[in-house]
Amino acid sequence: MSTTQVEAFQSPAARLRTLLANAEAEGRCLLMPSCHDAWSAILIERAGFKVAFMSGYCVSASLLGLPDVGLISYGEQVDQGQRICAATQNLCIIGDGDTGFGGVSNIRR
């Protein structure tokens, strides 16, 4: 079986571990462009990347037009992550887990 065929049977977490282990074994970095929505994730995948990073700042900027200062709710972050994952075929997504939710700024919003 080819590497691509093996990857097709792996869970996303297992694929990510394999990609990271291979990069480390080869002494190279694994480039991970940042995505903020489903369309940016699709473009990243079409460009040939295997991994993307869902940035909290990018999500906040695209949804609210504001910097990442704790205004995005847990539900909004999870929803955006689900949309990103659903839009791609084999792209591993690392999500910014943020610094927590329910602080003064988040409650005020």
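Check the entry above for the structure.
Since we're looking at a predicted model, the values are computed, not measured. (Residues numbered from 1 in each chain as written. Predicted model: local features only at pLDDT ≥ 70, side-chain atom pairs only at ≥ 80, totals over all residues. Heavy atoms only, no water.)

Novice: I'd like a rundown of the packing of helix 4 (residues 56-64) against helix 5 (residues 74-87), residues and numbers included.
Specialist: Across the interface, helix 4 lies against helix 5 with an axial gap of 11 Å and an inter-helix angle of 100°. The angle between the axes of helix 4 and helix 5 places the two elements in the roughly perpendicular class. In contact with Gly56, Val59, Ser62 and Leu63 of helix 4, helix 5 contributes Glu76, Gln77 and Gln80. Tallied by class, the residues present in the contact of helix 4 with helix 5 amount to two nonpolar, four polar and one charged. (Axes fitted to C-alpha atoms, helices over the stretch in contact; angles between N-to-C directions. Helix = DSSP H or I, 4+ residues; strand = E, 2+ residues; numbered from the N terminus. Parallel < 35°, antiparallel > 145°, perpendicular 65-115°, else oblique. Contact = heavy atoms within 4.5 Å. Nonpolar A, V, L, I, M, F, W, Y, C, P; charged D, E, K, R; others polar.)

Novice: With reference to specific residues and values, describe the state of the cysteines.
Specialist: Throughout this description, disulfide means a covalent bond between two cysteine sulfur atoms. A full pass over the atoms with the stated rule returns zero disulfides. With no disulfide of its own, cysteine 85 has cysteine 35 as its nearest cysteine by sulfur position, at a separation of 8.2 Å. (Disulfide = S-S within 2.5 Å.)

Novice: Quick one: what's the story with the pairing of strand 2 (residues 51-54), residue by residue and with numbers?
Specialist: Both strand 1 (residues 34-35) and strand 2 contribute to a ladder of two bridges, which runs parallel. Its bridge partner lying in strand 2, serine 34 is registered against phenylalanine 53. In terms of handedness, the path from strand 1 via helix 3 (residues 38-46) over to strand 2 forms a crossover that is right-handed. By the bridge criterion, four bridges tie strand 2 to strand 3 (residues 92-95) in an arrangement that is parallel. Residue pairing across strands places valine 51 opposite cysteine 92, the latter belonging to strand 3. (Pairing = 2+ DSSP bridges. Right-handed = clockwise from strand over helix to strand, strands pointing away.)

All quantities given are derived from atomic positions and should not be read as evidence of function.
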